[in-house]
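# Coordinate analysis (summary)
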4 protein chains.
Amino acid sequence: MTSSPLVAAVVGASGYAGGELLRLLLAHPSFEVGPLAAGSSAGKRVTELHPHLTALADRTFIGTDVDALIEADVVFLALPHGESGAIAAALPAGTLVVDLGADHRLADAEAWSRYYGGNHAGTWTYGMPELGDQRAEIATARRIANPGCYPTGVILGLAPLLAAGLVEPDDVVVVAASGTTGAGRKPSDALLASTVMGQLSAYKVGGTHQHTPEIEQALTGAAGERVTVSFTPLLAPMPRGILATTTARLADGVTTEVLHEALHAAYAGEPFVTVLPSGSWPQTGATLGANSVHLQVAADRHSGRAVVVSAIDNLTKGAAGQALQNANIALGLPETAGLTAIGVAP
Amino acid sequence: MTSSPLVAAVVGASGYAGGELLRLLLAHPSFEVGPLAAGSSAGKRVTELHPHLTALADRTFIGTDVDALIEADVVFLALPHGESGAIAAALPAGTLVVDLGADHRLADAEAWSRYYGGNHAGTWTYGMPELGDQRAEIATARRIANPGCYPTGVILGLAPLLAAGLVEPDDVVVVAASGTTGAGRKPSDALLASTVMGQLSAYKVGGTHQHTPEIEQALTGAAGERVTVSFTPLLAPMPRGILATTTARLADGVTTEVLHEALHAAYAGEPFVTVLPSGSWPQTGATLGANSVHLQVAADRHSGRAVVVSAIDNLTKGAAGQALQNANIALGLPETAGLTAIGVAP
Amino acid sequence: MTSSPLVAAVVGASGYAGGELLRLLLAHPSFEVGPLAAGSSAGKRVTELHPHLTALADRTFIGTDVDALIEADVVFLALPHGESGAIAAALPAGTLVVDLGADHRLADAEAWSRYYGGNHAGTWTYGMPELGDQRAEIATARRIANPGCYPTGVILGLAPLLAAGLVEPDDVVVVAASGTTGAGRKPSDALLASTVMGQLSAYKVGGTHQHTPEIEQALTGAAGERVTVSFTPLLAPMPRGILATTTARLADGVTTEVLHEALHAAYAGEPFVTVLPSGSWPQTGATLGANSVHLQVAADRHSGRAVVVSAIDNLTKGAAGQALQNANIALGLPETAGLTAIGVAP
Amino acid sequence: MTSSPLVAAVVGASGYAGGELLRLLLAHPSFEVGPLAAGSSAGKRVTELHPHLTALADRTFIGTDVDALIEADVVFLALPHGESGAIAAALPAGTLVVDLGADHRLADAEAWSRYYGGNHAGTWTYGMPELGDQRAEIATARRIANPGCYPTGVILGLAPLLAAGLVEPDDVVVVAASGTTGAGRKPSDALLASTVMGQLSAYKVGGTHQHTPEIEQALTGAAGERVTVSFTPLLAPMPRGILATTTARLADGVTTEVLHEALHAAYAGEPFVTVLPSGSWPQTGATLGANSVHLQVAADRHSGRAVVVSAIDNLTKGAAGQALQNANIALGLPETAGLTAIGVAP
């Protein structure tokens, strides 16, 4: 334990990722929950929006005021895309800032504008510790761009296979289904329980989802050559979880065993990535509330494709958990502090 | 309608597809519900297993006895794979038999043995009226192999694009999620509500699902050349519905409009296939209890792939509804008799 | 059927009850779908809000304009409470009007004001055909107040027991759980899928729910003396369905058999009420999309209470189905026309 | 922290309560996971049945062998009712045994036989720390009967009101809905996802549920006079959670404020019981995975009844969490060690 706790501020604390971050911070041995900003919910009790956070029953949200954040040791930004840049720019350079939004993930300003619209805020250290050499970069960064929810599962599943040359980079096909918290908390007809329960639907089909360039950027880095992805997102009738099915053309002679071994080798010793035993396939439920990724892979020689399936909790490893993992690393705390790899199931 | 009703027998009437067939038969203007056979449930009241079928409150299941089926005008077989062959062989050649199981779908005996095990029972007319010239064949057939649930949505979505040369046949990738009734009614840990609710999982990954050769067979027929499919099935937390995402490499210069028009042209006048307006994507809920397929398509020029999304109710258009549609055609009844294209939603 | 179809207009056609009414009207042998009014959705395509109603793909909603309704043979009002009165008053006295809202259900203007606020619009014939002598009144009425969703299941379950003096009127306790469509279609945080899925909650506890006086009014009528009800509503993670548990103190010596027989006697010959066989308890799923009520009862001698459980689909028997049943009766059509007692299950 | 960890054995570790106990033990600072017994699953990998418990990937279940349990500091029995007695009798008197089953909860042997069948195993200290003076008894007990899931929420909600004389003891009515894990893990048609999803059902209606005498026993203790309960259980489409609605006749002049204050007074300082702010009603989702009870109450003067609503996670505060809380107390550990009051939501 640290002698005096570190102060964590959360901006966008009324949303789902913000709420998950608060849940995790409350159980963290080194942090205390500092200012909680929530634009349109300023003045409301925290438990009015997050009834599970009874430990914060006497707290209310404040407005998004940079001055209130100045004393924080770490500021987590959990805002809609396009809103992080201005706040981040106003914070002291020495303050650790972890942006759970998309604003600072893409290196390609043109891709940013095409998929998100508006001006590119800049490029920060990509906060995926298990990817390549990212952990070392994160350790010294003060500005960390936390990965998107879909990219997390997809990238961690396919990057080692691309890096090892076991699959081809030029025709990756991803179909990934997300629980509803991935779509945010703004009420709409499409997100009503009556609409969603008992059914599946597709949305942003045809390469238009804004996570496409993020996936391609990271996988291109892993492959060392241009990766192109066909990405189709689905909305599933569950609050949390992403199950991603990622396929890529197999290199010659590659077997299931070779693929499996490549994943094992890539993630040996990783506390939050589990390559499942042969014969077991990921289920999102096993990762509920946990900062973990479950992976499995097969070589389908008939169709000539590798199929990787990954499961995460979109709010934990796909957002708040990974953000906290990044903060732990950047602040020199144990990487697993306040995080678990064990889901709440069933 | 007909002066005296036609007698419909159902073998395997205790399962989910059998129950759906009974639901539809009860509303059909020309059929009366004849013998209801259910091996291990013989002697039980129908409403004990199908509490919604109150109109059959005074009926009980009988054992699977061919003699009891001899007077039926149509026999529907809704049995586990491998069990249809012997019963079908014992029925009069003139009796219309619709097999909802897989036994008579595949022309390739070797593929049958590889995916299902055991001996191939033979090849019957494939009962997908909207596919190519199948409707005419169905009209004169006395033995109809009803399509599988996954194949129905996938084939109807992609066949017109292959037939028109708009996509390439050699690297089709399908990821399709099914509700739990698709996995049958036999109790198991994997199908318990506690296991399934709130989560998604993958199964039979890597080209091992038995619907793969059926999809390839039909699409090869449509394309006029060998089609290869990578097929990944998912289990979704909903009782009914299949959402299939099917992608194939685009031929040169093909746009979303061209793809959309090809689907429209293929299904103009079809009562049970709806190509959605541009901008709308299929949701399984809109097809609940209906014999309909909802389709939408996009050309993703960035990745070079067409993406077709199809939604069906696996028990209706994916099983019992299509079986009844086939029986209507084969018996000279109006094709839509006893069927609706309108789902129960939300 | 009729030589030329009757024209049915729906006001409030964009909501869930309105959509269910359209689904039923499309399958009705005697009606054609006339003007579809939907205040704030005027101008939108019907399938934009009801993607399952593909048969109405070329229809759009109109504004709520009384002139457009004047030619209709029946006008269904599916509006928020407080909005029916003015429209109804402007329609010709000879036009059949069925109000799915609450405005005309209560005889007690003071109770109306206390539970709903505002002025009482008046009292129409209560449209619950299976209750006492209501069917005869409905047959000649031109203004019918369609019952509320919670009241339907509760009243039909308990009224015969009160009428027969088998239970006491003065301490009825009801706990009833509804699917989310019962809460309407207006987007709010409380009705988001993320909020609702995987959990149960209570609301309007302590006798504040506006269906309380409606239940008491009908049960008082059945009992012939004042009935008092403690009513607690729950929100359940399902789109449709109400399961109501109603308990009342047993009169001396009353057994389960006596209670069961009283329900049987009350509903003999009723096409839409099923008293389940002994040992079976209602499940809402068995009534999905059907106009049916499933009932079961037990005498708990230990606690001295009768327990009645009823299941309905809140949108069908609890709203649109019962409205259509009432219209059938009032227009001299077969009572069951366009309606089924068989749910879509599982 | 203890210098060397305490060994916790779990018998019945393959079930849902057993799995939840393992999840909690893995995060506990003072326990190590000792022998894991699971009769019919002996020899299976733990993660085969509990895929979320990746930290136990190298562990397998053993058979139920008393010798293997002899060294444990605490033995948790998570067995079907009727199976605890023999095992408990064979364990050393000094070993702490917490029985999550029903065998040792009832003081009345006749009630045991009537509701459970077979012989009564005996009566142990009732492990509900927040009830009356139980905490002190638990602290010195070596044999603790962990409460049932339904009783936990119901008793904690009503006991303070009975103890204070604010409600009458003789006509308590409880309707409580449970998620499916409460029904255990044995596969059956009634517990299949296809059966359960999207619907509610009632079971064991009419006072036959075996938790009835347990509720009455504890409430009678609190009231100081005989309490009689009408208890109706429902099965809800969610994996976890119990929402209990408990009503009792109000004593003269009692208001909502008085009831609310009585709950507040009873649970001031309790780490795991939260009386919600006025206007908020419990939702089970807020307690998911947490050892907490959320309570709210209203006086319904119209019907003369108090209505208490309580929410718990049936596997945590309703089973494994409370068991661990009891073990903490009995072993002199901090009562909250390894437990959280904060649910995983949404």
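Remember, predicted model here, so these are calculated numbers, not experimental data.

So, about the relation of the copies chain A and chain C. In screw terms, the move from chain A to chain C is a rotation of 180° and a rise of 0.0 Å along the axis, fitting with an RMSD of 0.0 Å. Here the two chains are linked by the operation of a two-fold rotation axis. Nearest to the rotation axis, the C-alpha of Ala193(A) is located 1.8 Å from it, this being the minimum over chain A. By residue overlap, the copies meet face to face through one surface: 100% of the interface positions of chain A are interface positions in chain C.

With that out of the way, let us pick up the sheet that holds strand 1 (residues 6-11) of chain B. Residue and element names in this part refer to chain B. Pairing is parallel across the open sheet formed by six strands, whose spatial order is 2-1-3-4-6-5. Where the open sheet ends on each side, the last strands, each with one partner, are strand 2 (31-37) and strand 5 (125-126). Here strand 1 pairs with strand 3 (residues 74-77) via four bridges, running parallel. Residue pairing for strand 3: valine 11 is matched across the bridge by leucine 77.

On to the interface of chain A and chain C. In many reports, interface size means the accessible area that the parts give up when they come together. On the chain C side, the residues contacting the 17 residues of chain A number 17 residues. With both chains or domains summed, chain A and chain C bury close to 1,400 Å², and 62% of this area falls on carbon and sulfur atoms. Viewed at the interface, chain C and chain A are joined by two salt bridges. Scanning the region where chain A abuts chain C turns up eight residue pairs in polar contact (both at pLDDT 80 or more). Top contributing element to the side of chain A that touches chain C by residue count: helix 7 (residues 193-196) of chain A, with four residues. Here the residues of the side of chain A that touches chain C are counted per class, giving 10 nonpolar, five polar and two charged.

Turning next to the nonpolar core. Residue and element names in this part refer to chain D. Ile155, Leu158, Leu161, Val167, Leu219, Val229 and Leu259 are the most contacted members of the largest nonpolar core, which has 43 residues in total. No other element matches the nine residues that helix 7 (residues 149-163) contributes to this core. When residues no more than four places from it in sequence are discounted, the contact partners of isoleucine 155 are Tyr126, Met128, Leu131, Pro160, Glu214, Ile215, Ala218 and Leu219.

Attention now moves to the pattern of salt bridges. Using the criterion set out here, one finds 52 salt bridges over all chains in the structure. Between Glu130(C) and Lys317(C) there is a salt bridge, and its shortest N-O distance comes to 2.9 Å. Of this pair, Glu130(C) sits in the loop between strand 5 (125-126) and helix 5 (134-140) while Lys317(C) sits in helix 10 (residues 316-330); the two residues are 187 residues apart in sequence, bridging distant segments of the chain. Accessibility classification places Glu130(C) together with Lys317(C) in one group, the buried group. Among the salt bridges present, the one from Asp313(D) reaches Arg240(D), with a minimum N-O distance of 2.9 Å. Pair noted here: Asp313(D) is in the loop between strand 13 (305-312) and helix 11 (316-330) and Arg240(D) is in the loop between strand 9 (229-235) and strand 10 (242-249), with a separation of 73 residues, a long-range link. Salt bridges linked by common partners bring Asp171(A), Arg249(A), Arg305(A), Asp171(B), Arg249(B) and Arg305(B) together as one network.

A few words on a negative patch on the surface. The grouping of Glu168(A), Asp170(A), Glu225(A) and Asp252(A) at the surface amounts to a negative patch. Assignment of secondary structure puts Asp170(A) in the loop between helix 6 (149-163) and strand 7 (172-178).

Turning to the interface of chain D and chain C, a few remarks are in order. Contacts between chain D and chain C engage 44 residues on the former and 43 residues on the latter. Contact with chain C buries surface across chain D, with Leu200(D), Val205(D) and His302(D) losing the most and accounting together for 17% of the total. Linking Asp171(D) and Arg305(C) is a salt bridge whose minimum nitrogen-to-oxygen distance equals 2.8 Å. Across the contact surface, chain D and chain C share 14 residue pairs in polar contact (both at pLDDT 80 or more).

With that settled, consider the domain arrangement of chain A. Residues and elements named next belong to chain A. Split by domain assignment, chain A resolves into domain 1 (6-123) and domain 2 (150-314). Computed from C-alpha atoms alone, the centre-to-centre distance between domain 1 and domain 2 is 26 Å. Counting from both sides, the interface comprises 14 residues of domain 1 and, opposite them, 14 residues of domain 2. Here domain 1 packs against domain 2, burying approximately 1,100 Å² in sum over the two surfaces, 52% of which is carbon and sulfur. Of all residues in domain 1, Tyr16, Arg105 and Tyr115 give up the largest surface area on contact with domain 2, accounting jointly for 52% of the area buried on that side. A salt bridge links arginine 240 to glutamate 20, with the shortest nitrogen-to-oxygen separation between them at 2.6 Å. The tally of links from domain 1 across to domain 2 stands at eight residue pairs in polar contact (both at pLDDT 80 or more). Elements with a minimum of two residues in the side of domain 1 that touches domain 2: helix 1 (16-26) and helix 4 (109-116). Split by residue class, the side of domain 1 that touches domain 2 holds seven nonpolar, three polar and four charged.

Take helix 1 of chain A next. Of all 11 residues in helix 1 of chain A, nine are buried, a share of seventy percent or more. The set of residues buried in helix 1 of chain A consists of Tyr16(A), Gly18(A), Gly19(A), Glu20(A), Leu21(A), Leu22(A), Arg23(A), Leu24(A) and Leu25(A). Each element contacted by the buried residues of helix 1 of chain A is listed here: strand 1 (6-11), strand 2 (31-37), helix 2 (46-49), strand 3 (74-77) and helix 10 (316-330) of chain A together with helix 7 (193-196) of chain C.

Another aspect to go through is the environment of Pro80(B). Residues and elements named next belong to chain B. Among the secondary structure elements, proline 80 is positioned in the loop between strand 3 and helix 3 (84-90). Given the relative accessible area of 48%, proline 80 is considered partly exposed. Each C-alpha atom of the pair proline 80 and alanine 193 lies 22 Å from the other, and the pair is 113 residues apart in sequence.

Residues and elements named next belong to chain A. For strand 9 (residues 229-235), the buried fraction is high: seven of the seven residues fall into the buried class. Residues Val229, Phe231, Pro233 and Leu235 point to one face of strand 9 and Ser230, Thr232 and Leu234 to the other, with burial holding for every one of them. Looking at chain direction, strand 8 (residues 201-202) and strand 9 are connected through two bridges and run antiparallel. Counted as the bridge partner of alanine 202 is leucine 234 from strand 9.

The subject of this paragraph is the environment of Ala8(B). All names here are of chain B. Following the sequence through the fold, alanine 8 ends up in strand 1. Taking the C-alpha atoms as reference, alanine 8 lies 5.1 Å from glycine 34; in sequence the two are 26 residues apart. Sequence-distant contacts of alanine 8, that is, excluding residues within four places in its chain, are made with Leu25, Phe31, Glu32, Val33, Gly34, Pro35, Val74 and Phe76.

Residue and element names in this part refer to chain C. Structurally, serine 292 is set in the loop between strand 11 (273-275) and strand 12 (293-300). With a relative accessible area of 1%, serine 292 lands in the buried category. Within polar-contact distance, the side chain of serine 292 engages the backbone oxygen of alanine 341 at 3.2 Å. Discounting chain neighbours no more than four positions away, the residues touching serine 292 are Phe272, Thr287, Ala311, Ile312, Lys317 and Ala341.

With that settled, the discussion passes to unusual backbone geometry. At the junction of Ala345(A) and Pro346(A), the peptide bond is cis and its omega measures out at -5° in the coordinates. With respect to the element layout, Pro346(A) can be found in the segment after helix 10. For Lys204(C), which is not glycine, the phi dihedral falls at a positive 45°. Topologically, Lys204(C) is positioned in the loop between strand 8 (201-202) and helix 8 (212-223).

Bringing the pairing of strand 4 (residues 96-99) of chain A into the picture now. Residues and elements named next belong to chain A. Judged by which residues are buried, strand 4 turns out to be covered on both faces: Leu96 and Val98 on one side and Val97 and Asp99 on the other are all buried. Pairing between strand 3 and strand 4: four bridges, direction parallel. In the strand pairing of strand 4, phenylalanine 76 is matched with valine 98. This β-α-β element, strand 3 to helix 3 (residues 84-90) to strand 4, shows right-handed connectivity. Of the strand pairs in this sheet, strand 4 and strand 6 (residues 143-145) are connected by three bridges, and their pairing is parallel. Note that in strand 6 the partner of valine 98 across the bridge is isoleucine 144.

Bringing the packing of helix 1 (residues 16-26) of chain D against helix 11 of chain D into the picture now. All names here are of chain D. Running from amino to carboxyl end, helix 1 crosses helix 11 at an angle of 45°, the nearest separation of the two axes being 9 Å. Between helix 1 and helix 11, the angle is such that the two are oblique. As helix 1 runs across helix 11, the sense of the crossing is right-handed. Between helix 1 and helix 11, the contacting residues are Ala17, Glu20, Leu21, Arg23, Leu24 and Leu25 on the first element and Thr316, Ala319, Ala320, Gly321 and Leu324 on the second. The class makeup of the residues in the contact of helix 1 with helix 11 is seven nonpolar, two polar and two charged.

Basis of the calculations
Residues numbered from 1 in each chain as written. Chains lettered and ligands numbered in written order. Predicted model: local features only at pLDDT ≥ 70, side-chain atom pairs only at ≥ 80, totals over all residues. Heavy atoms only, no water. Least-squares fit on C-alpha atoms with pLDDT ≥ 70 in both. Contact = heavy atoms within 4.5 Å. Pairing = 2+ DSSP bridges. Helix = DSSP H or I, 4+ residues; strand = E, 2+ residues; numbered from the N terminus. Buried area = accessible area lost by both parts, 1.4 Å probe. Salt bridge = Lys/Arg side-chain N within 4 Å of Asp/Glu carboxyl O. Polar contact = N/O pair within 3.5 Å; in protein donor to acceptor, adjacent residues only side chain to side chain. Nonpolar A, V, L, I, M, F, W, Y, C, P; charged D, E, K, R; others polar. Core = buried A, V, L, I, M, F, W, Y, C linked by side-chain atoms within 4.5 Å. Buried < 20%, exposed > 50% of the residue type's maximum accessible area, 1.4 Å probe, protein only. Patch = residues over 30% accessible without salt bridge, like charges linked within 9 Å, V, L, I, M, F, W, Y side chains within 5 Å. Areas by Shrake-Rupley, 256 points an atom, 1.4 Å probe, with all protein chains shown as cover. Lys, Arg positive; Asp, Glu negative; His and termini not counted. Charge placed at Lys NZ, Arg CZ, Asp CG, Glu CD. Domains from an automatic or database assignment. Right-handed = clockwise from strand over helix to strand, strands pointing away. Axes fitted to C-alpha atoms, helices over the stretch in contact; angles between N-to-C directions. Parallel < 35°, antiparallel > 145°, perpendicular 65-115°, else oblique. Left-handed = near helix turned anticlockwise from the far one by under 90°.

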